[in-house]
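Each chain, letter by letter, is given below.
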Amino acid sequence: MSDLQISLIIIGIVIIGGVVIFNRVQLARHHRQVQDAFRNEHDDILLNDGYKPVSASERIEPQFSDEVLTNPDDVVNPANVQADIAPEQHATNDRLVQKDLSVQKKTANIDSSINYVAEIRSSTLIPHEKLIDLLQQKFDYGKPVRWYGLQSEGQAWEEIVLDSLDPGSAYIQLKGCLQLVDRSGLVTEINLSRFRDMVEDFSAQIHAEAECPDIVEAYTRAIDLDRFCADVDVIMGVNIISKDGGAFVGTKIRALAEASGFRLESEGVFRYRDGETNGVMFSLGNFESALFLPANMRTLTTRGVTFLLDVPRVANGTKVFDQMVHIARLFSSTLNGILVDDNRVPLSENGVKRSRQQLADIQATMAARSILPGSETALKLFD
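Residues numbered from 1 in each chain as written. Predicted model: local features only at pLDDT ≥ 70, side-chain atom pairs only at ≥ 80, totals over all residues. Heavy atoms only, no water.

Visitor: Explain the overall build of the chain to me, using residue names and the numbers behind them.
Guide: Helix and strand content of the chain: nine helices and 15 strands. Counting every position in the chain, which comprises 383 residues, the buried fraction comes to 34%. Counted over contacts in the chain with a minimum sequence separation of 6, partners at least 24 positions apart contribute 71%. Carbon together with sulfur atoms contributes 52% to the accessible area of the chain, which is approximately 23200 Å² in total. (Helix = DSSP H or I, 4+ residues; strand = E, 2+ residues; numbered from the N terminus. Buried < 20%, exposed > 50% of the residue type's maximum accessible area, 1.4 Å probe, protein only. Contact = heavy atoms within 4.5 Å. Areas by Shrake-Rupley, 256 points an atom, 1.4 Å probe, with all protein chains shown as cover.)

This is the structure:
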């Protein structure tokens, strides 16, 4: 073996030894960092009463960027965190869980203007099993039914939902609300009578007193409310079609939509939601019949897209309308398209102003009837 070969072998051994030593040093350093990160003396924000998640104070205006709006549902719920903790920490967690459950209880919104409200008063606590039977009753009255309970005099009414019914909750009074109208029309007089009969039968079973409004009067109110809803139930749209008769490609539509703040949802449309309430402000759909689905956006082509604003379901309608038109114009410019109405007639500036004024008039009419656009009452009526 030559001197050169021996030298090369020695150099190789030295290099390998150096690599091994370097790796061990790095491993030891990483181990120390991991131990430091998980030391018990660090504050746990999930168990700290002073911790409060930060929420956006302003709506983020649409822009072509990669920013993503924070979803309020992503905030960590302390009740879902499990850990091996000391007994005194368990007591702290129990208080947090109770506090969280109290927040989750729905505040009562018993609106007699849109509901037939029947009341049940008992001199004793209503048995829990009877309450479950009431909530599980299978009768279909054609319209939504909601139940509210009062645990004792002086307390607030709370909505009772079967999925979150607390076995420890006991009520002395109940209110059953049968909604009079929704987008499919008004409740029938027969269903009003059936609901009243069910409430009276249940009251007799638990030896309670039932108070049910007159059916004829309630049905008259339903007719009037349905007529009003039909007058203000308007969805405004802005279409964009190609100037040269060509087609828009799905990948470009999706890129523009997501950059503007839309999210593609399961119904096959993009929706632009309020950053604070998560309510839908307006939507973006296909001008043609095909839906926008994640699986077909790469290959989809279409002759146009449609922006839609559901007038009674949106608060501050004129502001939201201006925002929608602004984004539609950005789409039109980027896609080399033109804004048109449903008859494919170019939408002029005057046409946009007329639509905006019509929207303002509709929402003013709703406010005059004390049904605020975008309110909980409006969302129930126009569902």
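There's more to say after this.
Visitor: So, helix α3 (residues 128-136): which residues are in play, and what are the values?
Guide: Here α3 has its buried residues at L131, L134 and L135. Projection of α3 onto a plane perpendicular to its axis shows the buried side chains occupying an angular sector of 95°, all on one side. (Arc of directions from axis to C-beta.)

Visitor: Provide a residue-level description of the nonpolar core, including the pertinent values.
Guide: Grouped together as the largest cluster of nonpolar side chains are 72 residues, with contacts concentrated most on L174 and F307. Ranked by the residues each element gives to this core, the list is headed by helix α7 (residues 317-335), at eight residues. Aside from chain neighbours lying at most four places away, what touches L174 is A118, E119, I120, I126, L131, L134, W147, Y148, G149, W157, I160 and F202. (Core = buried A, V, L, I, M, F, W, Y, C linked by side-chain atoms within 4.5 Å.)

Visitor: Any chance you could break down the pattern of salt bridges for me, citing the residues and the numbers?
Guide: As enumerated under the stated definition, the model contains 16 salt bridges in all. A salt bridge links R369 to D224, with the nearest nitrogen and oxygen atoms 2.8 Å apart. Here the residue R369 occupies a position in the loop between α8 (349-368) and α9 (376-381), and D224 occupies one in helix α5 (residues 215-232), the gap between them amounting to 145 residues. Owing to a relative accessible area of 34%, R369 belongs among the partly exposed residues under this scheme. (Salt bridge = Lys/Arg side-chain N within 4 Å of Asp/Glu carboxyl O.)

Visitor: Describe the pairing of strand β12 (residues 280-286), naming the residues involved and giving the relevant values.
Guide: Buried residues dominate β12, accounting for six of its seven residues. Two strands pair when backbone bridges link them, and strand β11 (residues 270-273) and β12 are joined in this way by four bridges, in the antiparallel orientation. Along β12, the bridge assignment pairs F270 with L284. Between β11 and β12, which pair antiparallel in sequence order, lie six residues; one of them, N278, sits at a positive phi of approximately 65°. Alignment of β12 against strand β14 (residues 304-310), held across four bridges, turns out to be antiparallel. Across the sheet, N286 pairs through a bridge with V305, a residue of β14. (Pairing = 2+ DSSP bridges.)

Visitor: Which residues make up the packing of α7 against α8, and what values do they have?
Guide: Following both chains from N to C, one finds α7 and α8 inclined at 150°, their axes separated by 9 Å at the closest point. With respect to each other, α7 and α8 are oriented roughly antiparallel. Crossing handedness for the pair α7 and α8: right-handed. When α7 is examined against α8, the residues G317, T318, F321, D322, V325 and R329 are found in contact with a partner set consisting of E349, V352, S355, R356, L359, A360 and Q363. (Axes fitted to C-alpha atoms, helices over the stretch in contact; angles between N-to-C directions. Parallel < 35°, antiparallel > 145°, perpendicular 65-115°, else oblique. Left-handed = near helix turned anticlockwise from the far one by under 90°.)

Visitor: Requested: an account of the sheet that holds strand β1 (residues 115-121), with residues and values cited.
Guide: With antiparallel pairing, the five strands of this open sheet are ordered in space as β3-β2-β4-β1-β7. Looking at strand neighbours, the two that pair on one side only are β3 (158-160) and β7 (209-211), the edges of this open sheet. Across the sheet, the axes of successive neighbouring strands diverge by a mean angle of 25°, strand direction being ignored. The pairing of β1 with β7 spans three bridges and is antiparallel. By the bridge assignment for β7, I120 is matched with A210.

Visitor: Help me get a handle on the packing of aromatic side chains, residues and values and all.
Guide: On inspection of all chains with the given rule, the structure shows ten aromatic pairs. When the ring of W147 is compared with that of F195, the centres are 6.2 Å apart and the planes differ by 40°; the resulting orientation is tilted. Here W147, found in strand β2 (residues 145-150), pairs with F195, found in helix α4 (residues 189-205); they are 48 residues apart in sequence, far enough to count as distant. For the pair W147 and F195, one class covers both residues: buried. Taking 5.7 Å as the distance between ring centres and 65° as the angle between the ring planes, the aromatic pair formed by F262 and F282 counts as edge-to-face. Of this pair, F262 sits in the loop between α6 (250-260) and β10 (263-264) while F282 sits in strand β12; the two residues are 20 residues apart in sequence, bridging distant segments of the chain. The class for F282 is buried, based on a relative accessible area of 1%. Within the aromatic cluster, the residues linked to one another by ring pairs are Y116, F139, Y141, W147 and F195. Geometry around W157 places K175 over its ring, the cationic atom sitting 4.8 Å from the centre. A cation over an aromatic ring shows up here: R369 above the ring of F228, its NZ or CZ 4.8 Å from the ring centre. (Phe/Tyr/Trp six-rings, centres within 6.5 Å; stacked < 30°, edge-to-face > 60°. Lys NZ or Arg CZ within 6 Å of the ring centre and 35° of its normal.)

Visitor: Mind laying out α5, listing which residues take part and the relevant values?
Guide: Across its 18 residues, α5 extends 26 Å between first and last C-alpha, which sits within 8% of the 26 Å expected from 1.5 Å per residue. I215, A218, A222, L225, F228, C229 and V232 are the residues of α5 that are buried. Looking straight down α5, one finds that the buried residues subtend no more than 145° of arc, so they occupy a single side. Residues of α5 that are exposed and point over 90 degrees away from its buried face: V216, A230 and D231. Along its buried surface, α5 packs onto β1, β5 (181-182), β6 (185-186), α4, α8 and α9. Backbone nitrogen of V216 and a side-chain oxygen of the N-cap are separated by 3.2 Å at the start of α5; the cap is D214. (Expected span 1.5 Å × (residues − 1). Polar contact = N/O pair within 3.5 Å; in protein donor to acceptor, adjacent residues only side chain to side chain.)

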